[in-house]
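Examination of the molecular architecture
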Amino acid sequence: MTALALEHIHKSFPSAEGPVPVLRGVSMTLAPGTAHALTGESGSGKSTLLHIAAGLETADAGDVRVAGTALGALDEAGRAALRRGRVGLVFQQFNLIPSLNVAANLAFQARLAGRYDAGFVAHLTARLGLDGLGARYPEQLSGGQVQRVAIGRCLAARPELVLADEPTGNLDEATGDRVLDLMLELTAEAGAALLLVTHSPRLAARCDTRHHLRAGLLEDTA
């Protein structure tokens, strides 16, 4: 079973001059345990494609399947349930819950999914270098620490698909490299597929497969 299958995805946005096509028949398949990079110029549709894969936006045409489940057959509540149980999201904005400490943020997604495992969360905490920080709140953390918590929260629910939109964009190069190292290692260990949106060819080269969006079409570069 594939972790993600996108088939002939089309998406346009309205404008004063009429619909503006952003995606014009994009197809992509991600196998479990593989890491894929998605690059392209600003406005090329990278984030739109990621949001469609997550069920946060709907395509004008085409099919999306996550772990064999067709998103088009689900209503909004069904798509939200799928995200909770099978999809992990990591965004540049981090989106930690400020009123929860690190330990509670790490456990949050797993508890929602009904998959909280204290031993696994402890393993992630150690791997992410967050030991001793469990009682701190997001405002008390560095940018790199916040992003590592966001990755841990995502992976604690053991998702089959991880979608990451510029997850190192707010970090300096050295910290970003360490964060990406951990994301690649931990998703591979978990057997999850990773789709990473990035502007950086250097970071994209770290993934198994690289895809480039140009004029609404996908070019595989490796």
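The structure contained in this document is the topic of the report that follows. (Residues numbered from 1 in each chain as written. Predicted model: local features only at pLDDT ≥ 70, side-chain atom pairs only at ≥ 80, totals over all residues. Heavy atoms only, no water.)

As for the state of the cysteines
Under the defined criterion, the tally for this structure stands at 0 disulfides. The thiol of C154 is not disulfide-bonded; the next cysteine sulfur, from C207, is found 14 Å away. Residue class for C154 comes out buried when judged on its relative accessible area of 5%. (Disulfide = S-S within 2.5 Å. Buried < 20%, exposed > 50% of the residue type's maximum accessible area, 1.4 Å probe, protein only.)

Here's the deal with the nonpolar core
Grouped together as the largest cluster of nonpolar side chains are 37 residues, with contacts concentrated most on L124, L128, V149, I151, L155 and L194. A total of 7 residues in this core trace back to one element, the largest contributor, which is helix α5 (residues 143–156). Those residues in contact with L194 that lie beyond four places of it in its chain are L30, T34, A35, H36, V162, A164, M183, L184 and T187. One finds L30, A54, L161 and L195 within the second-largest nonpolar core, a separate group that totals 27 residues. (Core = buried A, V, L, I, M, F, W, Y, C linked by side-chain atoms within 4.5 Å. Helix = DSSP H or I, 4+ residues; strand = E, 2+ residues; numbered from the N terminus. Contact = heavy atoms within 4.5 Å.)

Description of the packing of α5 against helix α6 (residues 173–190)
The geometry of α5 relative to α6 is characterised by a closest axis approach of 10 Å and an angle of 10 degrees between their N-to-C directions. Overall, the two elements α5 and α6 adopt an arrangement that is roughly parallel. Once α5 is placed against α6, the crossing between them reads as right-handed. Between α5, through G144, Q147, R148, I151 and L155, and α6, the contact on the second element is made entirely by T175, V179, L182, M183, L186 and T187. Looking at the contact of α5 with α6 residue by residue, the classes come out as 6 nonpolar, 4 polar and 1 charged. (Axes fitted to C-alpha atoms, helices over the stretch in contact; angles between N-to-C directions. Parallel < 35°, antiparallel > 145°, perpendicular 65-115°, else oblique. Left-handed = near helix turned anticlockwise from the far one by under 90°. Nonpolar A, V, L, I, M, F, W, Y, C, P; charged D, E, K, R; others polar.)

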